[in-house]
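Listed below are the residues making up each chain.
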Amino acid sequence: MIKTSFSHSPPFTSSNFPKGSMLITEKDYERHLTISKGLSKKSVKTYLTRFRYLKEWLDKNDLILYKISLEKFLYEKKESGSSNSTLNTYIQAINHIVDCYKFNNYEIDIIE
């Protein structure tokens, strides 16, 4: 289940949070998956691909990582024919993004 609150300590606030982007980089995410989560190269590659698709979609739609935007993203994937197993890999990638945010001391509370 996805929650609605999002916060971050300075320098970002809700008024200057960069729309369409995430507070972590792809390299941060890759490092987190590899070292903190201990995932295999194949799993890391899959999650990085999901990260890129999500980030590109957020950028294209001028959205931030938030409950409603994630729901829209997953709905569009489902409507375009993505299987439930594919959607589950996106959900797991989002869970890892949340973990990476928390690891980097960014407060994010979008998933129950």
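Novice: Got a minute to help me understand the packing of aromatic side chains in this structure?
Specialist: The relative placement of two aromatic rings is captured by the distance of their centres and the angle of their planes. Taken as a whole and judged by the stated rule, the model has four aromatic pairs. Ring geometry for Tyr29 against Phe51: centres 4.9 Å apart, planes inclined by 25°, an arrangement best described as stacked. Of this pair, Tyr29 sits in helix 1 (residues 26–36) while Phe51 sits in helix 2 (residues 41–60); the two residues are 22 residues apart in sequence, bridging distant segments of the chain. Between Phe73 and Tyr90, the ring centres sit 5.2 Å apart and the planes meet at 75°, which makes this aromatic pair edge-to-face. Of this pair, Phe73 sits in helix 3 (residues 67–79) while Tyr90 is found in helix 4 (residues 84–103), placing the two residues 17 residues apart along the sequence. Each member of the pair Phe73 and Tyr90 is classed as buried. Feature note: the residues Trp57, Phe73 and Tyr90 constitute an aromatic cluster, connected by ring pairs. Taking the ring centre of Tyr90 as reference, the NZ or CZ of Arg50 above it sits at 4.5 Å. Directly above the aromatic system of Tyr53 lies the positively charged group of Lys77, at a separation of 5.1 Å from the ring centroid.

Definitions and limits used
- Residues numbered from 1 in each chain as written.
- Predicted model: local features only at pLDDT ≥ 70, side-chain atom pairs only at ≥ 80, totals over all residues.
- Heavy atoms only, no water.
- Phe/Tyr/Trp six-rings, centres within 6.5 Å; stacked < 30°, edge-to-face > 60°.
- Helix = DSSP H or I, 4+ residues; strand = E, 2+ residues; numbered from the N terminus.
- Buried < 20%, exposed > 50% of the residue type's maximum accessible area, 1.4 Å probe, protein only.
- Lys NZ or Arg CZ within 6 Å of the ring centre and 35° of its normal.

Treat this as a map of the structure, not an account of what it does.
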